[in-house]
Amino acid sequence: MFPVASLLTTVVLALSIVAGAVEVRSPSITLPFARSLNTRGGTLNLLEHDQARATALRGRGNASTAGKLDRRQDSIPATNEVTSYIAAVGVGSPPTTYNLIVDTGSSNTWVGAGASYVVTSTSVNTGEPVSVHHGSSSFSGTEYTDTVTLDSSLTINQQSIGVASTSTGYSGVDGVLGLGPEALTLGTLTNQPSTQIPTVTQNLFAQGTIPEEVVGISFEPTTSTSSINGELTFGGTDSSKYTGTLNYTPLTTTSPASNYWGIDETITYGSTTILSTTAGIVDTGTTLILIATGAFNRYQSVTGAVLDSATGLLQITTDQFEALQDLNFDINGVTYTLTPNGQIWPRTLNTAIGGTAGNVYLVVNDIGTNSGSGLDFINGQTFLERFYSVFDTANNRVGFATTPYTDATSN
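Residues numbered from 1 in each chain as written. Predicted model: local features only at pLDDT ≥ 70, side-chain atom pairs only at ≥ 80, totals over all residues. Heavy atoms only, no water.

(A) Broad picture of the overall build of the protein chain. On a plain count of helices and strands, the protein chain comes out with 5 helices and 25 strands. Residue burial in the protein chain is summarised as follows: out of 411 residues, 59% are buried. Long-range pairs, those at least 24 residues apart, make up 69% of the contacts in the protein chain with a sequence separation of at least 6. Per element, the accessible surface of the protein chain, about 14400 Å² overall, is 48% carbon and sulfur. (Helix = DSSP H or I, 4+ residues; strand = E, 2+ residues; numbered from the N terminus. Buried < 20%, exposed > 50% of the residue type's maximum accessible area, 1.4 Å probe, protein only. Contact = heavy atoms within 4.5 Å. Areas by Shrake-Rupley, 256 points an atom, 1.4 Å probe, with all protein chains shown as cover.)

Right under this line is the structure:
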């Protein structure tokens, strides 16, 4: 199991047991988690991973609309998850701790990639084959139901989990904590392709543990390869993690983005529109900010950046960085601004991605398809590290707010 588990030691809870039921005395339940750069295979190829994931997400989103799993992405070469947010989650009774990727682009929770699944008295084998393919990563195995523990005082009974017999692209982690919409589970049960699997968030609400089907997520920019810089809040939001007002936008109706946490937005660089209003997704499993090819070409042109062959990222000089303008994301009438600091990769981590120390690399890149595909952008971790985000299942919406570190320096 991944050593981050020893770092994740506290969950803020206010619970009491009344007549055998869990009574929530606090409006929300908070779980810290850590960012980790997976350098086990050498330098990281962020762009290769993210573009492969984007291709697979587009394929799976279209398949979810059709009510079946798209197997066409199986031929995409597997690459390891590179920059991941990891939460320590217990499974079974007594619980075994697994370090799971926090993933809003997947809805299945599963274990077994790094540490073997331990069968306990609460483990029930349903006999159903289950698999999820993300292009750059995948798993297949058997569905179980089991007790999932986020803290010694907080458990989910009979949560569906996948137990992997095979997995690719998950070196250094044990599986996935799926926080995507329930519809993404369509087609993942091989013999029951039309069956949806209730997610962790839904079951927390259904069992009366949290007051709302809401997850608030806080990331903070970091220059460390492993750092506890994130927080999941189940059932509400943590106002200490954002400034100003939370503003919400309804989920997009444009497919395939509509099958994920999909939204509509416009992107401008300074006063220049580089991506007109279109649909895309918010995804914790993607590192970079990916935009449609035409928009990427316009962004490269206005910034004067050149493509760096070693990393695949755009590179600018220090003088160009000083002249860099704001990148603005207009979402439901509210503008969220990535300042120049928010547009660059942390320079102290350049060598981890195959770059040169001291160079300035941009975190905006090409999604690999032209605008009009139905998934024209992905606001990944480098966006989410600058803004607080809320994923509201019951009301079919996503919320954002500025944070104290929206303009934090990327050293």
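(B) Geometry of the packing of aromatic side chains. Tallied over the entire structure, the rule returns 12 aromatic pairs. Here the aromatic rings of Tyr269 and Tyr299 are separated by 6.0 Å at their centres, their planes lie at 85°, and the arrangement is edge-to-face. Taken together, the residues Tyr269 in strand 14 (residues 262–269) and Tyr299 in helix 3 (residues 293–303) connect sequence positions 30 residues apart. Tyr299 shares its class with Tyr269; the two are buried. Put simply, the rings of Phe329, Tyr336, Phe383, Phe387 and Phe400 touch in pairs and so form one group of aromatic residues. We note Arg347 situated over the ring of Phe321; from NZ or CZ to the ring centre the distance is 5.4 Å. Stacked on the ring of Tyr248, the Lys or Arg Arg397 has its end atom at 3.7 Å from the ring centre. (Phe/Tyr/Trp six-rings, centres within 6.5 Å; stacked < 30°, edge-to-face > 60°. Lys NZ or Arg CZ within 6 Å of the ring centre and 35° of its normal.)

(C) Just the sheet that holds strand 21 (residues 360–361), in detail. The antiparallel open sheet is built from 3 strands, whose spatial order is 17-18-21. Looking at strand neighbours, the two that pair on one side only are strand 17 (306–307) and strand 21, the edges of this open sheet. Docked against the sheet, helix 3 engages strand 17 and strand 18 (314–316), running at close to 10° with respect to strand 18. (Pairing = 2+ DSSP bridges. Axes fitted to C-alpha atoms, helices over the stretch in contact; angles between N-to-C directions.)

(D) Region of the structure containing the sheet that holds strand 19 (residues 327–331). Spatially, the 7 strands line up as an open sheet ordered 20-19-14-15-23-16-22, and their pairing is mixed. The sheet terminates laterally at strand 20 (334–338) and strand 22 (364–366), the two strands that pair on one side only. This sheet shows a mean twist of 35° between the axes of neighbouring strands, independent of strand direction. The sheet contact formed by strand 14 and strand 15 (residues 272–282) spans 7 bridges and is antiparallel.

(E) Fine view of the environment of Ser271. By secondary structure assignment, the location of Ser271 is in the loop between strand 14 and strand 15. In this structure, the C-alpha to C-alpha distance between Ser271 and Gln325, residues 54 residues apart in sequence, is 9.2 Å.

(F) Up close: the environment of Gly127. Here Gly127 lies in strand 7 (residues 124–133). It is 7.7 Å that separates the C-alpha atoms of Gly127 and Tyr144, two residues lying 17 residues apart in sequence. Setting aside its immediate chain neighbours within four residues, Gly127 contacts Thr142 and Glu143.

(G) Representation of helix 3 in the model. Every buried residue of helix 3 is listed here: Thr293, Ala295, Phe296, Tyr299 and Thr303. Down the axis of helix 3, the sector holding all buried residues measures 160°, keeping them to one side. Looking one or two residues past helix 3, Gly304 carries a phi angle of roughly 75°, positive in sign. (Arc of directions from axis to C-beta.)

(H) Inspection of the pairing of strand 11 (residues 214–219) at higher detail. A large share of strand 11 lies buried, amounting to 6 of its 6 residues. Looking at chain direction, strand 11 and strand 24 (residues 387–392) are connected through 4 bridges and run antiparallel. When the sheet's bridge partners are listed, Val214 is paired in strand 24 with Asp392.

(I) A look at the pattern of salt bridges. The final tally for this structure, using the stated rule, is 4 salt bridges. A salt bridge links Asp103 to Arg53, with the nearest nitrogen and oxygen atoms 2.7 Å apart. Taken as a pair, Asp103 in strand 5 (residues 96–103) and Arg53 in helix 1 (residues 46–66) lie far apart in primary sequence, 50 residues in all. What makes Asp103 buried here is its relative accessible area of 2%. (Salt bridge = Lys/Arg side-chain N within 4 Å of Asp/Glu carboxyl O.)

(J) Main features of the nonpolar core. Leu232, Phe234, Ile291, Tyr299, Leu327 and Phe400 are the most contacted members of the largest nonpolar core, which has 84 residues in total. No other element matches the 5 residues that strand 15 contributes to this core. In terms of domain composition, this core takes at least three residues from each of domain 1 (74–209) and domain 2 (241–402). Filtering out sequence-adjacent residues up to four positions away, Tyr299 remains in contact with Tyr269, Ile274, Ile291, Leu314, Leu327, Gln343, Leu362 and Val364. Counting residues in each nonpolar core, the second largest holds 12 residues, with Trp110, Ala164, Tyr170 and Val176 among its members. (Core = buried A, V, L, I, M, F, W, Y, C linked by side-chain atoms within 4.5 Å. Domains from an automatic or database assignment.)

(K) Looking closely at empty space enclosed by the protein. The full count for this structure, using the stated rule, is 4 cavities of 30 Å³ or more. The space that makes up the largest cavity amounts to roughly 80 Å³. Around the largest cavity, the lining is made up of 15 residues, and of these Asn108, Thr109, Ser160, Gly162 and Ile197 lie nearest the centre. When contributions to the lining of the largest cavity are tallied by element, the ones reaching two or more residues are strand 8 (138–151) and strand 9 (154–168). (1 Å grid on protein atoms, 1.4 Å probe; cavity = no way out; pocket = protein on both sides within 12 Å on 5 of 7 lines; lining within 4 Å. Points joined across faces, edges and corners; volume = space filled by probe spheres on them.)

(L) The environment of Asn379, seen in detail. Inspection of the secondary structure assignment puts Asn379 in strand 23 (residues 377–379). Sequence spacing of Asn379 and Thr284 is 95 residues, and the spatial spacing of their C-alpha atoms is 8.3 Å. With residues near it in sequence (within four places) discarded, Asn379 still touches Ile263, Glu265, Ile281, Val282, Asp283, Ile289, Phe329 and Leu384. Within the local environment of Asn379, its side chain forms a polar contact with the side chain of Glu265, the two groups lying 3.0 Å apart. (Polar contact = N/O pair within 3.5 Å; in protein donor to acceptor, adjacent residues only side chain to side chain.)

Distances and angles like these do not, on their own, reveal function.
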